[in-house]
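Each chain, letter by letter, is given below.
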Amino acid sequence: QVQLVESGGGLVQAGGSLRVSCAASGRIFRIDKMGWYRQAPGKQRELVATITSSGSTNYTDSVKGRFTISRDNARSTVYLQMNGLKPEDTAVYYCNAVILKAPPIKWENYWGQGTQVTVSS
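As the structure is a prediction and not an experimental result, all values here were calculated from the model.

(A) Quick peek at the overall build of the protein chain. Regarding its fold elements, the protein chain presents 0 helices and 11 strands. Compactness check: the protein chain gives a C-alpha radius of gyration of 14 Å against a globular reference of 14 Å for 121 residues, within 12% of the reference. Once the C-alpha set of the protein chain is aligned to its principal axes, its extents read approximately 50 × 25 × 25 Å. Put simply, the protein chain has 121 residues, and 40% of those count as buried. Here the protein chain displays about 6,500 Å² of accessible surface, and carbon together with sulfur accounts for 46% of that area. When the 14 basic and 8 acidic side-chain charges of the protein chain are each reduced to a single mean position, those positions are 4 Å apart.

Structure, rendered in structure tokens:
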């Protein structure tokens, strides 16, 4: 069994900062791409940022220059540092990872349970 567990969400005022974390655990052989998605009420889930196992990053335009994704491969953990938060960043943030379970058979896509981030104006 593989699990992704997020932490670090909460309530912050506009202009503030938050860091969310996501730790993968279980019978993991290897982790490829990790990322963060978000879903606001009444909207579809959207990509926020991704990071490959070698550290290449990708961001949606609306968070470029404000959010930073990083990962600690030794801890199987991905982070999202969010600075300059805006009310429109309010959403449930979901962690995503492409993982090869042990024993290695095939790559599979996993999701965390989500963590709420609320930005007040």
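Moving on, there is more to tell.
(B) Spatial organisation of the side chain of arginine 38. Inspection of the secondary structure puts arginine 38 in strand 4 (residues 28–39). When its relative accessible area of 6% is taken as the criterion, arginine 38 is described as buried. Engagement of the side chain of arginine 38 in a polar contact is seen with the side chain of serine 62, the distance being 3.4 Å. Residues within four places of arginine 38 in sequence aside, it is in contact with Gln44, Arg45, Glu46, Val48, Ser62, Val63, Phe67, Asp89, Ala91, Val92 and Tyr93.

(C) Geometry of the state of the cysteines. What the rule picks out here adds up to 1 disulfide. The disulfide bridge from cysteine 22 ends at cysteine 95, spanning 2.1 Å between sulfur atoms. Because the sign of the S-S torsion sets the handedness, a value of about -75° for the bond joining cysteine 22 and cysteine 95 places this disulfide among the left-handed ones. Separated by 73 residues along the polypeptide, cysteine 22 in strand 3 (residues 18–26) and cysteine 95 in strand 9 (residues 91–101) bring together distant segments of the chain. By relative accessible area, which is 0% here, cysteine 22 ends up buried. Take cysteine 95: its relative accessible area is 0%, and that puts it in the buried class.

(D) Structural detail: the environment of valine 92. Note that valine 92 resides in strand 9. It is 5.4 Å that separates the C-alpha atoms of valine 92 and arginine 38, two residues lying 54 residues apart in sequence. Residues within four places of valine 92 in sequence aside, it is in contact with Tyr37, Arg38, Gln39, Gly114, Thr115 and Gln116.

(E) Geometry of the pairing of strand 7 (residues 67–72). With 6 bridges connecting them, strand 7 and strand 8 (residues 77–82) associate as antiparallel partners. In the sheet register, serine 70 faces strand 8, and the bridge partner there is tyrosine 79. The antiparallel hairpin formed by strand 7 and strand 8 contains 4 residues in its connecting segment, where serine 76 sits at a positive phi of about 55°.

(F) Highlighting the environment of serine 17. Within the secondary structure, serine 17 is located in the loop between strand 2 (10–13) and strand 3. Leave out the neighbours within four places in its chain, and serine 17 touches Val12, Gln81, Met82, Asn83, Gly84 and Leu85.

The rules we used
- Residues numbered from 1 in each chain as written.
- Predicted model: local features only at pLDDT ≥ 70, side-chain atom pairs only at ≥ 80, totals over all residues.
- Heavy atoms only, no water.
- Helix = DSSP H or I, 4+ residues; strand = E, 2+ residues; numbered from the N terminus.
- Rg over C-alpha atoms; globule rule 2.2 N^0.38 Å.
- Buried < 20%, exposed > 50% of the residue type's maximum accessible area, 1.4 Å probe, protein only.
- Areas by Shrake-Rupley, 256 points an atom, 1.4 Å probe, with all protein chains shown as cover.
- Lys, Arg positive; Asp, Glu negative; His and termini not counted.
- Charge placed at Lys NZ, Arg CZ, Asp CG, Glu CD.
- Polar contact = N/O pair within 3.5 Å; in protein donor to acceptor, adjacent residues only side chain to side chain.
- Contact = heavy atoms within 4.5 Å.
- Disulfide = S-S within 2.5 Å.
- Pairing = 2+ DSSP bridges.

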